[in-house]
Each structure stands twice: as C-alpha cells, then as structure tokens.
Amino acid sequence: MPITETAGAVERPRFVSGSLLRHVCVMAGTGAIGLIAVFAVDLINLFYISLLGEKETAAAVGFAGVVGFFHASLCIGLTIGIAAVVSRTVGAGRAADARRIATSSLVLMTAASVVVGSGTAFFLHPALHALGAEGETARLAQRYLAVTVHTLPLLGLGMACSALLRSIGDARRSMTVTLAAAFVTAVLDPILIFGFGLGLDGAAISAVVSRMVLAAIGLHGVMVKHRMLGRFEAPRLAGDARALAGVAGPAVLTNLATPVGAAFVTHAIAQFGPSAVAGAATIDRLSPVAFGLVYALSGAVGPILAQNLGAGQYRRVQEGLRDSLLFMVASVAVAWLVLALGQGVLIRAFSAEGQAAELIALFCTWLAASFFFSGGLFVANASFNNLGHPLLSTFFNWGRATLGTIPFAWWGSHHGAAGVLVGQAVGSSIFGLLAVVVAFRLAAKLARQEPSMKAPAPVLDAPVAPTSAHGETAALATPQPAAVTGPAASAAAP
C-alpha cells in the first residue's frame, strides 16, 4: 500500500482493521520467507564449504559468522527503529512526514554501515584471536572477512528498504527483496566454489554479489513501486535522527547483545577443537532457517502494533500481542518436530562427524525446545520497541546475553562442548519467560486506557517522529472522536 494522499486525506493504514491473527500470519509468513532467505545465504555457504571436507575451513566460516553477526545485528537494530517510527507515523495519518523520515533513514543507515563495516577491517586479526581462532583457521576467516566487511552498506540498504516496505504492509515485496538475494547465492556458490575452484574466496564473492542484488531490488521497491521517499531535507536530518535513535538506539544495543553472547559461547566452545566449532556454526546457521517464522515475528509484529498504537486502538495492540504468542508456539512446535525427525539427514548433509555430529543431534532432539522461550523474547522485544519502551528490550536482551549466558555457559563448559549449549539454552529461557510476562502487563495497562477518549496518551521512552510543521519532536496523540474522520486521520500532536 503506497503512502498516498487523496483530497487532503490519508489512506487508511492496513493493520488498524481486520483480523489481527490474519495480519500476523501474513506478515510473519511472508517475512519468514524473506528472512529465511537471508539466513539461508550463510547456511548455503556453510553447506558448500563443508563439502570441501576441511574442518579448518568450516570452522573459519563459523568464526567469520560471529563477526558478521555483529554487523547484521547493527543493521537489524536500525531497521527496527525505521519500521517502528515510519509505521507509527503512517498510523497517525502523517504521510508527508513518513516519506521524509524514510529518506532520512536510508541516509543514516548508509553512513552508519560505511563507518562500521570498513572500520572493522582494521581490527580483524585481534577480533578473531579474541574469539579463539588460531593458525590456518584464523587466516582463512580473516581473508573471507576482508572481502565482505566493506559491503555492509549494501546489506544495510537492502534491509532498510525491506523494513520500509513492511511498515506500509507490503509484506510480499519485502519478502521478494531478500528472497532474490538468497537465490543469487544459491546459484553462484557452487559455480564459484567448485566450478572455478575458488573455495572460501568464491563464497566471499558470492556474498558480495548477493548484497548488491539485495540493495538494488529493495531500492526499486521503495523508490519506484511505492514512491515512499520524499525530498532529502538536510536541516531536518538531525530531528529525524533523534526520532529514529529513540527506538533504533536501544534496538541496536538490544541486538548487539545476542552476538556478544554468541561470541562468548564461541570462545567457550573453541577450546574443544575445530570439530566442535564447526558443529556450533552449523547450529547457528540452521536455527534461523528452521525457526524462520519465529525470527520473522520481531519484524512482522512491529508494524501491526505500531499502526494500531498510532491510531489509538490500544485493545487491538493487546490482542495483537496475544495472537503473536499463539502463532509463535505453533511455529516452534512444528519446527522442533521436523528437526527431531530429520536430524540424521542434516548430519549427513553437512558431513558432520565426532563432536560436530553430537552437537547437532543434541540441538535437534532437545535444545530446539528452548525456542518456545526465545520466541517469546522476540515477540516481547517487538512489543517493547514499537509501544514506546525500547529500553526494556535492551534490558532483557543484555540480561540474556550476560547473566543468562556467561555463567550458565561457563558452568556447562565443565561438562564439554554440549554443556556449553545446554547452559546457554537454560539461561536464555529464563529471560524469555520474564520478558513475555512484562510485555503482557504493559499491553494490558495500555488497553485499559482506550474506553475513555480523554485518557492521557501512553508514556513512551521514545518519541514518534518530528513533525513537518516546526521540526520539534512529537508526542503520540490520543485518538480523536470518531465523528472527525476516523482513526486513519488521527494525527500526532506536536
């Protein structure tokens, strides 16, 4: 749905009416296909690399993946802010502001990813050493990353465009952006790795081309199909940046918590040898593909909750959270069953042996169940980020990455590599459960405000967006009486 204006009125936002469960299923389903496509790129790379039969090379992909995870988490955090602010602005009926903020968001994403991506190149050796990479494994990982880190802006632009498309409800096109990039990787990987005999270098080249396709298709959808971008206004950039940072800042910190925890786990597993690292790397890349619907909920639920918050429909916000949890439970149950039944096929497909095979089997049989709680954390994070309490998301994610990971993984390391993964699963489950409880309490408190049209606006940790009138930061407006023009025309007050 393009952001269009007709005779001074703004089109009704898509998510403020209709079945919330249907919206969740459509957004999560299409989002999952696109998200699985993104993570499938890494899984495909690892699959073809594993066919080379070199444990050091497979382990190098694992170490490089941790560094790449930091980069992806930065981009994901920024896209959460972009989707939340643009969705709330659309829900409040402010189309012109939404276009301007969309343009500012792409500029800010490009600037941030250039600094972080290329800046990482100067610290690759100490970073990999800190993770536990040594010898040939460290050398291969550094060579791979030396090519891919400079293309982070392409990844960031593609992900930002996908988020903008989700913010207006075009889930199908958002899915197409990432799906096309994964298709390119699936085609190029075997050609470059085996056909031209480039090995790990071929995987790096394939990743670069894939990111170029991701950015190109994303920009086409945003600029040509939906005309979502307004004129770039340099004087307004600082105000837009503050509005985006209100959500994106805590969201970035939130998302960086996960790779921090993953880095500690990788370091703990590295002491058990390349086979254990290769097994953990396989699990890290298999998880988001198997549980793609769960991972997609973070991005899918956000625009739904944000548009209803912007329109003042607080009870629908509460119902959307409930339906998202139900969807998550069903998705995890199905994925766990498939993993448990297909673990033998997966172990053979990735040529896993010894500790690697044992870790994969443990994950598929038992540890996959921890995603009931991890999925709850994903949904809770989407609720916190889009309902004006992003600091809670930061708190719970960092709690899981530190108190929920380090002591449990350290204790587990005394029982081998498997103990590390068991400890990590137990600790993360505790924080996932707590986050869900807090999210439901906040949603219930918000819903109680709807019956009174004079109820005060909910108190947010972060503002919605600067208005176009004077550039000051806007607070979220309370809904106007129905006799005016309906929820779609409720604008945020300056």
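Residues numbered from 1 in each chain as written. Predicted model: local features only at pLDDT ≥ 70, side-chain atom pairs only at ≥ 80, totals over all residues. Heavy atoms only, no water.

Novice: What's the story with the overall build of the protein in this structure? I'm lost.
Specialist: Helices and strands together make up the secondary structure of the protein, namely 17 helices and two strands. Within the protein, the fraction of its 494 residues that count as buried is 57%. The contacts of the protein with a sequence gap of at least 6 include a subset with a gap of at least 24, amounting to 82%. Of the accessible surface of the protein, which amounts to about 18,900 Å², a share of 69% is contributed by carbon and sulfur atoms. (Helix = DSSP H or I, 4+ residues; strand = E, 2+ residues; numbered from the N terminus. Buried < 20%, exposed > 50% of the residue type's maximum accessible area, 1.4 Å probe, protein only. Contact = heavy atoms within 4.5 Å. Areas by Shrake-Rupley, 256 points an atom, 1.4 Å probe, with all protein chains shown as cover.)

Novice: Any chance you could explain the packing of aromatic side chains here in plain terms?
Specialist: For any pair of aromatic rings, the description rests on two quantities: the centre-to-centre distance and the angle between the ring planes. Tallied over the full model, the rule gives nine aromatic pairs. Judged by centre distance (6.2 Å) and plane angle (80 degrees), the ring pair of Trp336 and Phe372 falls under edge-to-face. With a gap of 36 residues between them, Trp336 in helix α12 (residues 314-349) and Phe372 in helix α14 (residues 371-386) connect regions that are remote in the sequence. Three or more aromatic residues link up through ring pairs in this structure, and these residues are Phe47, Tyr48, Phe194 and Phe350. (Phe/Tyr/Trp six-rings, centres within 6.5 Å; stacked < 30°, edge-to-face > 60°.)

Novice: How do you make sense of helix α8 (residues 200-225) when you look at a structure like this?
Specialist: An α-helical turn contains 3.6 residues, so any two residues separated by three or four positions project in the same direction. Between the first and last C-alpha of α8 there are 37 Å, a value that for 26 residues agrees with the 38 Å anticipated at 1.5 Å per step. Where α8 ends, the next residue or the one after it, Arg227, has phi of about 50 degrees, a positive value. (Expected span 1.5 Å × (residues − 1).)

Novice: When you look at a nonpolar patch on the surface in this model, what are you seeing that I'm missing?
Specialist: Residues Phe183, Val187, Ile191, Phe196, Leu198 and Ile205 make up a contiguous nonpolar surface patch of roughly 570 Å² in combined accessible area. Residue placement: Ile191 occurs in helix α7 (residues 171-195). Taking the relative accessible area as the measure of exposure, Ile191 reaches 38% and is therefore partly exposed. (Patch = residues over 30% accessible without salt bridge, like charges linked within 9 Å, V, L, I, M, F, W, Y side chains within 5 Å. Salt bridge = Lys/Arg side-chain N within 4 Å of Asp/Glu carboxyl O.)

Novice: Explanation requested: the pattern of salt bridges in the structure shown.
Specialist: Working definition: two side chains of opposite charge can pair if their charged atoms are close together. Taken as a whole and assessed by the stated rule, the structure comprises eight salt bridges. Among the ionic pairs, Asp170 bridges to Arg173, the shortest N-O distance being 3.2 Å. Across the salt bridge formed by Arg322 and Asp323, the nearest N and O atoms sit 3.1 Å from each other. For Arg322, a relative accessible area of 43% corresponds to the partly exposed category. Salt bridges here are not isolated pairs; linked through shared partners, they connect Arg94, Asp97, Arg100 and Asp240.

Novice: Would you mind going over the packing of helix α11 (residues 292-310) against α12 with me for this structure?
Specialist: The interhelical angle for the contact between α11 and α12, taken along N-to-C directions, is 170 degrees, at an axis separation of 9 Å. In this view, α11 runs roughly antiparallel relative to α12, as classed from their interaxial angle. Of the residues in α12, those in contact with Leu293, Val294, Leu297, Val301, Leu305, Asn308 and Leu309 of α11 are Tyr314, Arg316, Val317, Gly320, Leu321, Ser324, Phe327, Met328, Ser331 and Val332. When grouped by side-chain class, the residues that make up the contact of α11 with α12 number twelve nonpolar, four polar and one charged. (Axes fitted to C-alpha atoms, helices over the stretch in contact; angles between N-to-C directions. Parallel < 35°, antiparallel > 145°, perpendicular 65-115°, else oblique. Nonpolar A, V, L, I, M, F, W, Y, C, P; charged D, E, K, R; others polar.)

Novice: What's the story with the confidence of the model for the protein in this structure? I'm lost.
Specialist: Should pLDDT be low for a region, the predicted coordinates there are not to be read in detail. Chain-level pLDDT for the protein is 83 on average; 88% of the residues reach the 70-or-more range. Below a pLDDT of 50 lies the segment residues 468-494, which in the model reaches 63 contacts outside its immediate sequence neighbourhood of four places, other chains included. (pLDDT = per-residue confidence, 0-100.)

Novice: Is there a simple way to explain unusual backbone geometry in this structure?
Specialist: The phi angle of most residues is negative, glycine excepted, and most peptide bonds adopt the trans form. With phi around 50 degrees, Arg227 is a residue other than glycine that occupies positive phi space. With respect to the element layout, Arg227 can be found in the loop between α8 and α9 (234-270). By relative accessible area, which is 53% here, Arg227 ends up exposed.

Novice: Explanation requested: the environment of Ser393 in the structure shown.
Specialist: Tracing the chain through its elements places Ser393 in helix α15 (residues 390-401). Look at Ser393 and you get buried, because its relative accessible area is 0%. Note: C-alpha distance between Ser393 and Ala439 (46 residues apart in sequence) is 9.7 Å. Non-local contacts of Ser393, meaning those with residues more than four positions away in its chain, are made with Thr254, Asn381, Phe384 and Asn385.

Novice: Explain the side chain of Thr79 to me, please; I cannot follow it from the model alone.
Specialist: Its location among the elements puts Thr79 in helix α2 (residues 55-91). The contacts of Thr79, once residues within four sequence positions are left out, are Met109, Met159, Ala160 and Ala163.

Novice: I'm lost on the packing of helix α3 (residues 95-120) against helix α6 (residues 152-167) in this one. Help?
Specialist: Where α3 contacts α6, the axes come no closer than 8 Å and their chain directions differ by 155 degrees. By the angle between their axes, α3 is roughly antiparallel relative to α6. Of the two possible hands of crossing, α3 and α6 adopt the one that is right-handed. Along the contact surface, α3 presents Ala102, Ser105, Leu106, Met109, Thr110, Ser113, Val114, Val116 and Gly117, while α6 presents Leu152, Pro153, Gly156, Leu157, Ala160, Cys161 and Leu164. Residue composition of the contact of α3 with α6, grouped by class: eleven nonpolar, five polar and no charged. (Left-handed = near helix turned anticlockwise from the far one by under 90°.)

Novice: I would appreciate a short explanation of helix α10 (residues 274-290) in the present structure.
Specialist: Here α10 is 17 residues long and its end C-alpha atoms lie 24 Å apart, about the 24 Å a rise of 1.5 Å per residue gives. Most of α10 sits out of view: 13 of its 17 residues are buried.

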